[in-house]
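Survey of secondary and tertiary structure
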Amino acid sequence: MNQTSTLDWTAVCALHRLEPDRGVAALVDGVQVALFRTADGLFAIDNRDPVSGAYVLSRGIVGSRSGAPTVASPLHKQVYDLRSGHCLDLPGVAVARHEARCRNGLVEVRLRQEG
Amino acid sequence: MSGGDLVVIGNGMVGQRFVDALHARDPQGSWRVTVLAEEDRPAYDRVRLSAYFDGVSESELNLHTPHDGVRLRLGEPATAVDRDRQVVTTAVGEYRYDALVLATGSYAFVPPVAGTELPGVFVYRTLDDLAAIRAYARGRRVGAVIGGGLLGLEAANALRLLGLSTDVVEFAPRLMPVQVDQAGGAMLRRYVDELGVRTHLGVATTAIRPGPDGGVAALELSDGTALDADLVVVAAGIRPRDQLARDAGLPLGPRGGVLVDATCRTADERIWAVGECAAVDGTCHGLVAPGYATAEVVADRLVGGAATFPGADTATKLKLLGVDVASFGDAHGATEGCLDVTFTDPATRVYAKLVLSDDAHTLLGGVLVGDASAYPTLRASVGGPLPAAPLALLAPDGGGADAGALPATAQVCSCNAVTRGDVDAAIADGCADVPALKACTRAGTSCGSCVPMLKQLLDAAGVAQSSALCEHFDVSRRELFEIVRVRGIRTFSRLIAEHGRGRGCDICKPVVASILASLGSGHVLDGEQASLQDTNDHFLANLQRDGSYSVVPRIPGGEITPEKLIVIGEVARDFQLYTKITGGQRIDLFGARVEQLPQIWRRLVDAGFESGHAYGKALRTVKSCVGETWCRYGVQDSVGLAVALELRYRGLRAPHKLKSAVSGCARECAEARSKDFGIIATETGWNLYVGGNGGFRPRHADLFATDLSTETLIRLIDRFLMYYIRTADRLQRTAGWVEAMDGGLDHLRSVIVDDSLGLCADLDAAMARHVSSYSDEWRDVLDDPDRLRRYTSFVNAPDVPDPSITFTRERGQPVPVRADGPPGGHRRQPVTLGLPEVRR
């Protein structure tokens, strides 16, 4: 049984700092978060690529697969569903997802700790 | 028989094929094999012998595959076989055998006329013969070839390439009398005339006369005329080398050759014969395919098999003096009551003949001159019903010859004896493309002429050869390029809205980014283009496994001043970068964090460096040897050309990375033939090679053009690169692109040398645009605060370096700490060096 706890919202940057269909890395309570602005909205996931262990997912290419918004790891190109964090190429692999929203022109992130 | 001592006499193509075939069936080596070779070099590809004059080196013709335990005695011909003692004698010693395979091949037949022993008279059989011809041809003016068959025409072309005015004397009333009929020979002669080679048909050579210096000077012909000739090549046919067998008392065939039955065994149960020296059921075969068949039969028999000679496929397709000639089946219409269908087009100079059975239903054979594109299908149809109406089959593009109409028993690949049934079965088992079929059936892996049929059979089986790029675009990269180019589209969003679906992905976005860059659409990080780039292009550096980047400044041609070298050293020291010399004569600086990149570039750019594009699917480096400036062997300034080429093509985005090299002489120290385009200096100019590759699947580049001026060379490279950029598939290197091209290298030549598609002006203009619009991508970022903002560690904490990137030291340099590796992943271990142990 997974326990999920949520923390407070943290303001990260102005929305205009995010380029459409491109990610940035943010440091939220010591956690590296990959933040994306896509046509489907804002998404936040762990920046750590679970396959390589490197903190690089924010630098992946954003796109879609069968309608789902995705990011591809820049190291070995595994594709993740930005909504669920599930890897669409490797069954059983997933990346932690966080919550993201825009308030008054500021992008905010709230960590979810799944354990 | 199942093992013991095996002696093979002869190391030609068939002798080597036999050793390979036996090794495949007897990998544990129950036969201890000794090969006695007359020549002092291992087996080479005699079929391609003439390629020697096109600049193909000896080592590239090499066929020898070393196998454990095979004793190869070069330069040690057998002198006698003692059947009673089961011993072969050479000048050096004796070799006992339990089984003996004769693979002595044949020798060039020299007609009994006066003067064949004169200096300047050669045969055309071995690499030594060719080297001697080349050496003797220096400074000579006129050459003559006795014999207008296959080998004679090859020799004539060789003399032509050596710069000699050339005559061909043929006793028969037409050229290539064995392969083609009278009308085909006449068509062939028109091509030969055009090349300036003079033919003398229906006449014999009666004598070869010396000049005042004792060397050959003239030929006397049976019609009373005389021809000047400083050099003569005798190519009047071959005869089996059966002297050893004759001396050993073995029976011979009616026209010579070691007599063997269908199992390729001689009258002595321990002795076998393969290849051109074997008279199988009395008949010798002078082609390599039947020779290979005999090698396979004997290899099979020696491991207890029951193979028999399947009969000789005498079909041939070749390119002589640039002309396609093919002949197959009953080419001369020897079958009783047979019917001919012929097609002659003097305008396009194409001749074709089909020989049909008396009811016109069964294909018996044929001759093709000038266009042999229908050959694979026609040859496979011999003995069966016609695959289409005769006129459709003979149409110049062979358009009617579709493999889909072949019966299951038709042999698709004659090199490897693969039938249509075999191919269909492999398709049913899931082979969905040509590479899979090649791997599964071996079809198309030798001469490759059946590859178009493999495609047709996939089509016929309904296997869709999808060229869709990804789920977002139904078209291939090549088609996408044309859409972008012709419609003038400059944004991904418009392209996907009008010609695709969805939002794109890591496959189509970098492809479109590359296409836009190739078409000159500004800086790769401008506007929407930034979101299309792979991380390497996005940060203009190379992502490494720990999330850090490496930086490679351009060092054109590998030439660098001490001052610049010091700057690189200082930058590496100050930013604590791991430093390594690359294979492309540059220096790679590893371990830079994102936010350090602009600071590093600043230092480098201020010292006169620019981006080396190591991160891009773009021109990487033009490597060079030191060339004639210093090297005592060099004949051209290879460094100067390499620098010029690297500066001309720097920043050129392509379907995949591009590598090049320039060597200053034929010693090839720059390894240019492993590059996408390689240049090797000659005494008078440059030779251009294309389509080479190192990497996963190494490939030697093909010789594309010879002795070019620098200006012509650059024009051809311009067009080669632009045509590649326009038409290659995604991530297809030039090697795969050249291999996959319909019509191969000849087609490529026709497009970029002869301008057959009328594209050249366009290609030239596109390259001119590239050259004039180049600017350094690093400097452009440094000059632009908006672009610079991307180079931060964290959007909300730009002063905090990425804490996951940490280094330890190894051999005096920083290397990544692998603490946060994948679960169960390996940790770095020190390399331990074992010392060899001495056993007493």
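As shown above, the structure is provided for reference.
Conventions we followed
- Residues numbered from 1 in each chain as written.
- Chains lettered and ligands numbered in written order.
- Predicted model: local features only at pLDDT ≥ 70, side-chain atom pairs only at ≥ 80, totals over all residues.
- Helix = DSSP H or I, 4+ residues; strand = E, 2+ residues; numbered from the N terminus.
- Buried ≥ 20, exposed ≤ 12 C-beta atoms within 10 Å, placed from the backbone.
- Contact = placed C-beta atoms within 7 Å.
- Pairing = 2+ DSSP bridges.
- Axes fitted to C-alpha atoms, helices over the stretch in contact; angles between N-to-C directions.
- Nonpolar A, V, L, I, M, F, W, Y, C, P; charged D, E, K, R; others polar.
- Core = buried A, V, L, I, M, F, W, Y, C linked by C-beta atoms within 7 Å.
- Arc of directions from axis to C-beta.

**Side note on the overall build of chain A**
- The helix and strand tally for chain A stands at 0 helices and 9 strands.
- Taken from the N to the C terminus, the helices and strands of chain A come in the order β-β-β-β-β-β-β-β-β.
- Across the 115 residues in chain A, those meeting the buried criterion constitute 50%.
- The long-range fraction of contacts in chain A, counting pairs at least 24 apart against all pairs at least 6 apart in sequence, stands at 45%.

**What to know about the sheet that holds strand β18 (residues 258–260) of chain B**
Residue and element names in this part refer to chain B.
- An order of β18-β20-β21 is seen for the 3 strands of this open sheet, with the pairing classed as mixed. What marks the edges here is a single partner per strand, and that holds for β18 and β21 (283–284).
- Direction of pairing for β18 relative to strand β20 (residues 278–280): parallel, over a ladder of 3 bridges. Opposite Val258, over in β20, you have Ala278 as the bridge partner.

**Observations concerning the sheet that holds strand β35 (residues 677–681) of chain B**
All names here are of chain B.
- One open sheet accounts for 5 strands, arranged β33-β34-β35-β36-β37; its pairing is mixed. The open sheet terminates on both sides in strands that have one partner only, identified here as β33 (619–624) and β37 (702–708). Geometrically, the sheet is characterised by an average inter-axis angle of 15° between neighbouring strands, direction not taken into account.
- Most of the contacts of helix α20 (residues 710–727) go to strand β36 (residues 686–690), to which it runs at about 10°, and overall it touches β35, β36 and β37.

**Digging into the environment of B:Gly105**
- Relative to the assigned elements, B:Gly105 resides in the loop between β7 (99–102) and β8 (106–108).
- The sequence separation of B:Gly105 and B:Asp242 amounts to 137 residues, and the corresponding C-alpha distance is 8.5 Å.

**Some remarks on the interface of chain A and chain B**
- The interface is formed by 29 residues belonging to chain A together with 27 residues belonging to chain B.
- Elements supplying a minimum of two residues to the side of chain A that touches chain B: β1 (4–14), β2 (22–28), β5 (61–65) and β6 (68–72) of chain A.
- Taken together, the residues that form the side of chain A that touches chain B break down as 17 nonpolar, 5 polar and 7 charged.

**Some words on the nonpolar core**
- Residues A:Ala26, A:Leu35, B:Val512 and B:Leu597 are the most contacted members of the largest nonpolar core, which totals 80 residues.
- Element by element, the count of residues in this core is highest for helix α15 (residues 508–518) of chain B, at 7 residues.
- Setting aside chain neighbours within four positions, we find A:Ala26 in contact with A:Val12, A:Val33, A:Leu35, A:Val109, B:Phe794, B:Val795 and B:Asn796.
- By size, the runner-up hydrophobic cluster in this structure holds 64 residues, among which are B:Phe122, B:Val192, B:Val216 and B:Leu378.

**Brief notes about helix α14 (residues 492–499) of chain B**
Residue and element names in this part refer to chain B.
- Residues Phe492, Leu495 and Ile496 constitute the buried set of α14. The buried residues of α14 occupy one face: seen down the axis, they fall within an arc of 90°. Of the exposed residues in α14, the ones pointing more than 90 degrees away from its buried face are Ala497 and Glu498.
- Considering only its buried residues, α14 is in contact with α13 (477–487) and α15.

**Quick word on the pairing of strand β4 (residues 41–46) of chain A**
Residues and elements named next belong to chain A.
- Alignment of strand β3 (residues 31–38) against β4, held across 6 bridges, turns out to be antiparallel. The partner of Ala34 across the bridge, within β4, is Ile45.
- The loop that links β3 with its antiparallel partner β4 comprises 2 residues.
- Both β4 and strand β8 (residues 97–103) contribute to a ladder of 2 bridges, which runs antiparallel. When the bridges of β8 are listed, Ala44 appears paired with His98.

**Regarding unusual backbone geometry**
Residue and element names in this part refer to chain B.
- Phi at Gln86 takes a positive value of approximately 55°, unusual for a residue other than glycine.
- Locating Gln86 in the fold gives a position in the loop between β4 (78–82) and β5 (87–90).
- Positive phi, close to 60°, is recorded for Asp755, a residue that is not glycine.
- Along the chain, Asp755 falls in the loop between α22 (744–752) and α23 (760–773).

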